[in-house]
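Topology and contacts: notes
As a plain string of letters, each chain reads:
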Amino acid sequence: MNRKGQIVKRSFLLVVMFVLVMVAAVNAGGLITNVDNRDITELDGIWNIIVDPFENGFYDYRYKEYSWGFFKDAKPRNEYEMVEYSFDDSETLQVPGDWNSQKEKLFFYEGNIWYRKKFDYELAEGKRLFVYFGAVNYEAVVYLNGSKLGVHTGGYTPFVFEITDKVRKGNNTLVLKVDNTRQHNAIPTVMSDWWNYGGITRRVLLIEEAGTFVRDYKIQLAKGSQKNIDGWVQLDGAKAEQEVTVSIPEAGVSKSFTTNEKGYAKFNFDANLELWEPGSPKLYKVVVKCGTDTIEDKIGFRSLEVKGSDILLNGKSVFLRGICIHEEAPLRHGRAYLKEDAEVLLGWAKDLNCNFVRLAHYPHNEFMTRTADEMGILVWSEIPLYWTIQWENKEVYNNAVKMLDEMVARDKNKASIILWSVSNETPVSEPRTKFLGSLADYTRELDPTRLVTAAMEKHTRGNNVEIADPLGEYLDVLGCNEYIGWYEGDNFGKQWVTPYDKPLIMSELGGGALQGYHGGERVRWTEEFQDRVYKGQIPMLKNISFLRGVSPWILRDFMSPRRPLPYIQDYYNRKGLISERGIKKQAFYTLQEWYKEKSEE
Ligand code: GCU
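Everything numeric in this text was worked out from a predicted model, so none of it was measured. (Residues numbered from 1 in each chain as written. Predicted model: local features only at pLDDT ≥ 70, side-chain atom pairs only at ≥ 80, totals over all residues. Heavy atoms only, no water.)

Thoughts on the overall build of the protein
Condition: The way it works is that DSSP assigns letters per residue, a run of H or I at least four long becomes a helix, a run of E at least two long becomes a strand, and they are numbered from the N terminus. Taken over C-alpha atoms, the radius of gyration is set against a globule rule of 2.2 Å times the number of residues to the power 0.38. Classification of residues uses two cut-offs on accessible area relative to the type maximum, computed with a 1.4 Å probe and protein chains only: under 20% is buried, over 50% is exposed, and between them is partly exposed. By definition in these notes, contact holds between two residues if any of their heavy atoms fall within 4.5 Å. Per-residue accessibility takes into account occlusion by the displayed protein chains alone, with areas from the Shrake-Rupley method and a 1.4 Å probe. For this count, His and the chain ends are skipped, Lys and Arg are scored as positive, and Asp and Glu as negative. By convention, charge coordinates are those of NZ in Lys, CZ in Arg, CG in Asp, or CD in Glu.
Of regular secondary structure, the protein possesses seven helices and 33 strands. Computed over its C-alpha atoms, the radius of gyration of the protein comes to 26 Å, within 12% of the 25 Å expected for a compact globule of 601 residues. Dimensions along the principal axes, computed over C-alpha positions, put the protein at roughly 90 × 65 × 45 Å. Each of the 601 residues in the protein was classed as buried or not, and the buried ones make up 60%. Counting contacts in the protein only where the partners sit at least 6 residues apart, residues at least 24 apart contribute 72% of the total. Accessible surface computed for the protein: about 24400 Å², of which carbon and sulfur atoms make up 52%. In the protein, which carries 76 positive and 84 negative side-chain charges, the distance between the mean positions of the two groups comes to 3 Å.

And the structure:
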């Protein structure tokens, strides 16, 4: 090709690349939020699986990623051809749901399992299609019709891929390679006091959208305000610049804005609103509408701030009567993922006279935060930066930021969520405080309307118990885990002090008991022993002047590989106030009584 021809060709390529970049910019990735109010098709149900501990479906015998792996869902075309796997003839698992609780042979399994779902789809001209995963633990490699859509790491936050150009009219094959192997450079790492449930643990949805649609938005009261709504809308699609209307019909408010070339518009307007709070969890219908799409949501509006060692909700001092919860189904084995699971768990918390829950140690499924919004229960939500993290590994920091982004993106419009927590019980060191301090600052920048906290550890100085962790400097609210009466002696009389003029939430305390095992209050594992811990703790807590909340460990017994004691634990952590069969223990009523008094103060 002559020189002129080359220049023309390179110019053409540059133009094509520019257009592609612009389209990509407009289709700014990021989560699609409020999925339950979109045009969704659930891919839940029975999926075929292949257990693949040696990743034989991904690497060839030279350990090279091969092009003809299980994701091709291949079949022999004649009697001569050889294909050494078959999804059609393989066993199955229920999705959503962890694999550990579905098959005895997978109870302790850590490794790779391939999932396959076939589906037909008729996508109308001009429409777009996405595949959305509520969560997959821990790493997911996702394929559609044999081509890789992408990879997601992190077991507790949602992610989405566009499949508009890859979906076929009939007979689509969605394949995932799921790996829950614990890693030293993962979040959490190889150490956790909960079961490493693997699999597609939350819903899989197809989401159909218009060519240009409302992908995401934030609509909340501005920090410290009780009537100024501060927010933004993000459109996605070629018609990026449009007029968008945000309306709250019941409040008689409707405001219009024009999005920029990236489909983005910030806005700010006043509204007279009934404020959301426990006891009166008012949710408004909010409508976000543009020329090509309309989406409705239910959003509560409340103000939240810290004043010295006080927490103010809608300008009034609030005491958080809480309990910790792991994401385990209330009355069956394995991960919780149903709306009904959320209603039972949060119903138990209400029964305990709680107005607050700490969703430990990772973001729970969206039914939990939606139900907390509906029931008027305040929420502490956290990412699993737990115990032993590689603080000096930049990739780990970037992974933590991504998990935070995904947690905040999904739940940023949930009035119930008041606290984002960046860690749990991490030993003090310079790299750790640098890592978490930076993450705390990032969280506050990402969402200035909520409070940043962390569950730290206490330190004893003589007859004082001190909360002086340098991380406290970066937090709005101090969190502290302590087990006086269980792991350490009965020094309930110690004086609690802190150099910070900030509110404290005692984010863990308690002790274990096997439900139904009774004896003297100094007989370990009896309900009386556990109750004695609470009876010792409560007067001590009442004595802490800067205490503004408590979330004892934990609502319900839960599974952990760290708790093997036969006949007592049998791989359950027994610090629940309720057993795994839903039976309340003696200590439940002790805490319930104190919270009732607190609620009447
Ligand atoms: C720690 C930790 C929990 C754990 C609990 C326990 O505080 O945060 O995840 O389960 O103690 O020892 O039971």
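Describing the sheet that holds strand β17 (residues 293-299)
Quick reminder of the rule: In this analysis, strands are considered paired if DSSP registers two or more bridges between them. Fitted lines through C-alpha atoms serve as axes, helices being fitted only where they are in contact, and the angles separating the N-to-C directions of these axes extend from 0 to 180 degrees.
Read from one edge of the open sheet, four strands run β14-β13-β16-β17, paired in antiparallel fashion. Looking along the sheet, the strands with just one partner apiece sit at the ends: β14 (253-258) and β17. This sheet shows a mean twist of 15° between the axes of neighbouring strands, independent of strand direction. Here strand β13 (residues 243-248) pairs with strand β16 (residues 284-290) via three bridges, running antiparallel.

A word on the sheet that holds strand β5 (residues 128-133)
Taken in spatial order, the four strands make up an open sheet running β1-β10-β5-β8, and their pairing is antiparallel. Looking at which strands have only one partner, the edges of the open sheet turn out to be β1 (39-42) and β8 (159-162). The mean angle between the axes of side-by-side strands here comes to 25°, regardless of whether they run parallel or antiparallel. Sheet topology places β5 next to β8; four bridges connect them, and they run antiparallel. Bridge pairing in β8 links phenylalanine 130 to glutamate 162.

Quick word on the pattern of salt bridges
Here is the rule we go by: We count a salt bridge whenever a side-chain nitrogen from Lys or Arg sits within 4 Å of a carboxyl oxygen from Asp or Glu.
Evaluation of the coordinates by the stated rule reveals 54 salt bridges. Across the pair glutamate 81 and arginine 77 runs a salt bridge, and its minimum N-O distance is 2.3 Å. A relative accessible area of 70% places arginine 77 in the exposed class. Connected through shared salt-bridge partners, Asp73, Lys75, Asp88, Arg116 and Lys118 make up one network.

Quick word on the packing of helix α4 (residues 394-411) against helix α5 (residues 430-446)
Heads up, the condition is: Oblique is the label for any angle not under 35 degrees, not over 145, and not in the 65 to 115 range, which are roughly parallel, roughly antiparallel and roughly perpendicular in turn. Handedness of a crossing is defined here by the sense of rotation of the near helix relative to the far one, left-handed for an anticlockwise turn of less than a right angle and right-handed for a clockwise turn. Three residue categories are used. Nonpolar comprises Ala, Val, Leu, Ile, Met, Phe, Trp, Tyr, Cys and Pro, charged comprises Asp, Glu, Lys and Arg, and polar comprises the others, including Gly.
In contact at an axis separation of 11 Å, α4 and α5 are set at 30° when each is read in the N-to-C sense. Taken as axis vectors, α4 and α5 run roughly parallel relative to one another. Read as a crossing pair, α4 and α5 show a hand that is right-handed. Packed against α4, whose contacting residues are Val396, Tyr397, Ala400, Val401, Leu404, Asp405 and Val408, the element α5 presents Phe435, Ser438, Leu439, Tyr442, Thr443 and Leu446 at the interface. Residue composition of the contact of α4 with α5, by class: 10 nonpolar, two polar and one charged.

Comments concerning the site of the ligand
Let me state the cut-off plainly: Any residue with a heavy atom positioned within 4 Å of a molecule or strand is treated as near that molecule or strand. Between N or O atoms, a polar contact is any pair within 3.5 Å; within protein, one atom must be a potential hydrogen donor and the other a potential acceptor, and residues adjacent in sequence are included only when both atoms are from side chains.
Neighbouring the ligand are 14 residues, the closest being Asp193, Glu425, Tyr487, Glu508 and Lys575. For the ligand, an oxygen atom lies 2.4 Å from a polar atom in the side chain of glutamate 425. In the environment of the ligand, an oxygen atom lies 2.6 Å from a nitrogen or oxygen atom belonging to the side chain of lysine 575. Burial of the ligand by the protein amounts to 97% of the accessible area it has alone, namely 320 Å².

Concerning the packing of aromatic side chains
Here is the rule we go by: Any two rings among Phe, Tyr and Trp, with Trp reduced to its six-membered ring, count as a pair given centres within 6.5 Å; such a pair is stacked if its planes are under 30 degrees apart, edge-to-face if over 60, and tilted if neither. Note on geometry: a ring has a charge over it if NZ (lysine) or CZ (arginine) is within 6 Å of the ring centre and within 35 degrees of the ring normal.
Throughout the structure, instances matching the rule amount to 37 aromatic pairs. With centroids separated by 5.3 Å and ring planes inclined at 45°, the aromatic side chains of phenylalanine 108 and tryptophan 195 adopt a geometry described as tilted. Residue phenylalanine 108 is found in the loop between β3 (92-95) and β4 (112-119), and its partner tryptophan 195 is found in the loop between β9 (172-179) and β10 (204-209); the two are separated by 87 residues along the sequence. By relative accessible area, tryptophan 195 is classed as buried at 3%. A cation over a ring is seen here: arginine 524 above tryptophan 486, with NZ or CZ 4.3 Å from the ring centre.

Quick look at α4
Note that an α-helix has 3.6 residues per turn; residues three or four places apart therefore point the same way. Going by this rule: In a helix, the anticipated span is given by 1.5 Å times the number of residues less one.
For α4, spanning 18 residues, the distance from its first C-alpha to its last is 26 Å, which sits close to the expected 26 Å at 1.5 Å a residue. The element α4 is extensively covered by neighbouring structure, given that 13 of its 18 residues are classed as buried. Its side-chain oxygen placed 2.8 Å from the backbone nitrogen of glutamate 395, asparagine 393 serves as the N-cap of α4.

Some thoughts on the pairing of β4
Among the eight residues that make up β4, seven are buried, leaving the element largely enclosed by the rest of the structure. Sheet topology places strand β2 (residues 45-51) next to β4; four bridges connect them, and they run antiparallel. Note on β4: the bridge partner recorded for isoleucine 50 is tryptophan 114. Bridging between β4 and β9 involves eight bridges; their strand directions are antiparallel. Bridge pairing in β9 places asparagine 112 opposite aspartate 179.

Thoughts on the confidence of the model for the protein
The condition is simple: Residue-level confidence of the predictor is what pLDDT reports, using numbers from 0 through 100.
Scored by pLDDT, the protein has a mean of 95; 95% of the residues are at 70 or more. Counting interchain partners and residues more than four positions distant, the pLDDT-below-50 stretch residues 17-28 has 12 contacts.

Overview of the side chain of arginine 335
By the element assignment, arginine 335 lies in the loop between β21 (320-325) and α2 (339-351). From its side chain, arginine 335 meets the backbone oxygen of glutamate 327 in a polar contact 2.8 Å long. Sequence-distant contacts of arginine 335, defined by excluding residues within four places in its chain, comprise Asp98, Tyr156, Trp194, Trp195, Tyr197, Thr201, Glu327, Glu328, Ala329 and Tyr362.

Examining unusual backbone geometry
Peptide bonds are mostly trans, and most non-glycine residues show a negative phi. Cis geometry is found at the peptide bond from valine 95 to proline 96, where omega equals 0°. Locating proline 96 in the fold gives a position in the loop between β3 and β4. Put simply, asparagine 137 and tyrosine 138 share a cis peptide bond, and its omega is 15°. Secondary-structure assignment places tyrosine 138 in the loop between β5 and β6 (139-144). Phi angles above zero are rare outside glycine, and glutamate 55 is one such case at about 55°. Note on placement: glutamate 55 falls in the loop between β2 and β3. Residue classification places glutamate 55 among the buried residues on the basis of a relative accessible area of 14%. Backbone geometry at tyrosine 571 places phi at a positive 70°, although glycine is not the residue there. Mapped onto the secondary structure, tyrosine 571 falls in the loop between β32 (558-559) and β33 (572-573).

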